[in-house]
Amino acid sequence: MVERADIKSMSPEELRAFMRRLGEPEYRAGQVFRWLHSRGVTSFAAMTDLPKGLRARLEQEAVITELQVLERHVDPGDGTVKFLLSLADGEAVEAVLLRYRHGNAVCVSTQAGCRMGCVFCASTVGGVARNLTAGEMVEEVLVAQRHLWGQARGRVSHVVLMGIGEPLENYDNVLRFIRLIHEPSGLGISYRHVTLSTCGLVPEIRRLAGEGLPITLAVSLHAPNDELRTRLLPVARRYPIQELIAASSEYAERTGRRVTFEYALIDGVNDIPELARELARLLRGLLCHVNLIPLNPSGRGLRGSPPGRVRAFKEVLERFGVPVTVRRELGAGIEAACGQLRRRAASRSHM
Ligand code: SAH
């Protein structure tokens, strides 16, 4: 059997070409795109303004990527929703809907698992199974959007690529995904409301800087020097911190966008004031912002820094004029942190 086309991953131009091949007028592509990306339907039968014959033909030629919601946890306190989703081949990923006053953000997974090996992260424990397709990532956002339908201020406005996986290892699909969710006739998410987080793949950061997309780059730094950073993030052995900072600086210059540096504060590991001073020196003169995150428990024997130490670290950075915020914890009551649900599901089944 010929493999059916992955229609949700197609760009509008590709969808037009697809319709031409089927002998259909091009405007059908616009209709189908809206059904898939704006209304979020999961069957061709639901596309009621298409002729019946075309719907049947599409059924034969194409497949609509769908994710099964295995679990849905709503934090009664802050409204955070965490989804455990299964892909068609049985792999599982997580997506999280975060409710803010300024809008709704979806935290998207880009790979099933991760092979970066960061010592504090739950997502990397079983390695990586595969890259997600663009259509699967779009579907993560649509799962959250469907949850919001009918609610006041019920539109997904922000997307952060901070779920399971290393987005820059899945570069082409991730870029395709970002362009798809930006389409005005689809989800219409502004590039400025997209944040991509990376553990620091230098060549791909440089490549991203040249794409001409005004998305926010977040770099997982977690340490101000190579000695400490290589102990926490194995990827740091490949790219020395000076190269990472140079690439981040290039990103800021070429896009005009402030780079976010993420720094998870780990009790007794990277949270003393001397390291804050070193961090401030490292970032001097850079268009950036530091986001401090008290480490979430990930079942790997490390703890988040106590509030006093977080405050002290922040104050040092402020004294040196580095813009800094402490990330508010959302969804703590539902294990919304990084890879925890997937791990739990995996330990119940095959891993
Ligand atoms: N692979 C990408 C994106 C996914 S992780 C990256 O590394 O940036 C998103 C962010 O969560 C990263 O900054 C990551 O270092 C951080 N993170 C992972 N485990 C964490 C934990 N237990 N507590 C707090 N932050 C964590």
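Structure: above.
Keep in mind that what you see is a predicted model, and the values were worked out from it rather than measured.

Some words on the overall build of the protein chain
- Each helix and strand counted, the protein chain has 11 helices and 14 strands in total.
- For 351 residues, the compact-globule formula gives about 20 Å, and the C-alpha radius of gyration of the protein chain, at 21 Å, lands near that figure.
- Considered along the principal axes of its C-alpha atoms, the protein chain spans approximately 70 × 45 × 40 Å.
- For the protein chain, the residues scored as buried account for 54% of the 351 residues in total.
- In the protein chain, the proportion of contacts linking residues at least 24 apart, taken out of those at least 6 apart, comes to 67%.

Here's the deal with the side chain of His37
- Following the sequence through the fold, His37 ends up in helix H2 (residues 27–37).
- Looking at His37, its side chain comes within polar contact range of the main-chain oxygen of Lys8, at 3.5 Å.

What to know about the pattern of salt bridges
- Evaluated as defined, the whole model comprises 22 salt bridges.
- Its salt-bridge partner being Glu250, residue Arg254 comes within 3.5 Å of it at the nearest N-O pair. Here Glu250 and Arg254 lie together in helix H8 (residues 241–255), a separation of 4 residues that amounts to about one turn.
- Here Asp271 makes a salt bridge to Arg309, at a shortest N to O gap of 2.5 Å. Pair noted here: Asp271 is in the loop between strand S12 (259–265) and helix H9 (273–282) and Arg309 is in helix H10 (residues 307–319), with a separation of 38 residues, a long-range link.

Some points on the site of the ligand
- Taken together, 17 residues surround the ligand, and among them Gly165, Ser197, Ser220, His222 and Asn296 come closest.
- Separating a nitrogen atom of the ligand from a side-chain N or O atom of Glu166 is a distance of 3.1 Å.
- Taking Asn296, its main chain carries an N or O atom lying 2.9 Å from a nitrogen atom of the ligand.
- Across the complex, the protein chains shield 95% of the 530 Å² of accessible surface that the ligand would expose by itself.
- Looking at side-chain class alone, the shell around the ligand contains 7 nonpolar, 8 polar and 2 charged residues.

Comments concerning the layout of surface pockets
- Taken as a whole, the second largest pocket encloses approximately 160 Å³ of empty space.
- If you go around the second largest pocket, the residues you meet are Asp6, Val63, Ile64, Thr65, Glu66, Ala88, Asp89, Arg130, Thr133 and Glu136.

Let's talk about the packing of aromatic side chains
- Inspection of the entire model under this criterion finds 1 aromatic pair.
- Centroid distance Tyr263 to Phe313: 4.9 Å. Interplanar angle 35°. Geometry classified as tilted. Note that Tyr263 is positioned in strand S12 and Phe313 in helix H10, a separation of 50 residues in sequence.
- Tyr263 gets classed as buried once you look at its relative accessible area, which sits at 1%.
- Over the face of the ring belonging to Trp35 we find Arg39, whose NZ or CZ atom lies 4.2 Å from the ring centre.

Comments concerning unusual backbone geometry
- Although it is not a glycine, Arg153 sits at a positive phi angle of roughly 50°.
- Here Arg153 shows up in the loop between helix H4 (134–148) and strand S9 (156–161).

Quick notes on the sheet that holds S9
- Read across the open sheet, the 10 strands follow the order S3-S4-S5-S6-S9-S10-S11-S12-S13-S14; overall the sheet is mixed. At either margin of the open sheet sits one strand with a lone partner, and together these are strand S3 (68–74) and strand S14 (324–326). Within this sheet the neighbouring strands show an average axis-to-axis angle of 20°, counted without direction.
- Pairing analysis gives 7 bridges linking S12 to strand S13 (residues 288–294), with the strands arranged parallel. Looking at S13, one finds that Tyr263 is bridged to Leu292.
- This element, H4, spans S3, strand S4 (81–86), strand S5 (92–100), strand S6 (103–107) and S9 of the sheet and lies at about 45° to S5.

Analysis parameters
- Residues numbered from 1 in each chain as written.
- Predicted model: local features only at pLDDT ≥ 70, side-chain atom pairs only at ≥ 80, totals over all residues.
- Heavy atoms only, no water.
- Helix = DSSP H or I, 4+ residues; strand = E, 2+ residues; numbered from the N terminus.
- Rg over C-alpha atoms; globule rule 2.2 N^0.38 Å.
- Buried < 20%, exposed > 50% of the residue type's maximum accessible area, 1.4 Å probe, protein only.
- Contact = heavy atoms within 4.5 Å.
- Polar contact = N/O pair within 3.5 Å; in protein donor to acceptor, adjacent residues only side chain to side chain.
- Salt bridge = Lys/Arg side-chain N within 4 Å of Asp/Glu carboxyl O.
- Near = heavy atom within 4 Å.
- Areas by Shrake-Rupley, 256 points an atom, 1.4 Å probe, with all protein chains shown as cover.
- Nonpolar A, V, L, I, M, F, W, Y, C, P; charged D, E, K, R; others polar.
- 1 Å grid on protein atoms, 1.4 Å probe; cavity = no way out; pocket = protein on both sides within 12 Å on 5 of 7 lines; lining within 4 Å.
- Points joined across faces, edges and corners; volume = space filled by probe spheres on them.
- Phe/Tyr/Trp six-rings, centres within 6.5 Å; stacked < 30°, edge-to-face > 60°.
- Lys NZ or Arg CZ within 6 Å of the ring centre and 35° of its normal.
- Pairing = 2+ DSSP bridges.
- Axes fitted to C-alpha atoms, helices over the stretch in contact; angles between N-to-C directions.

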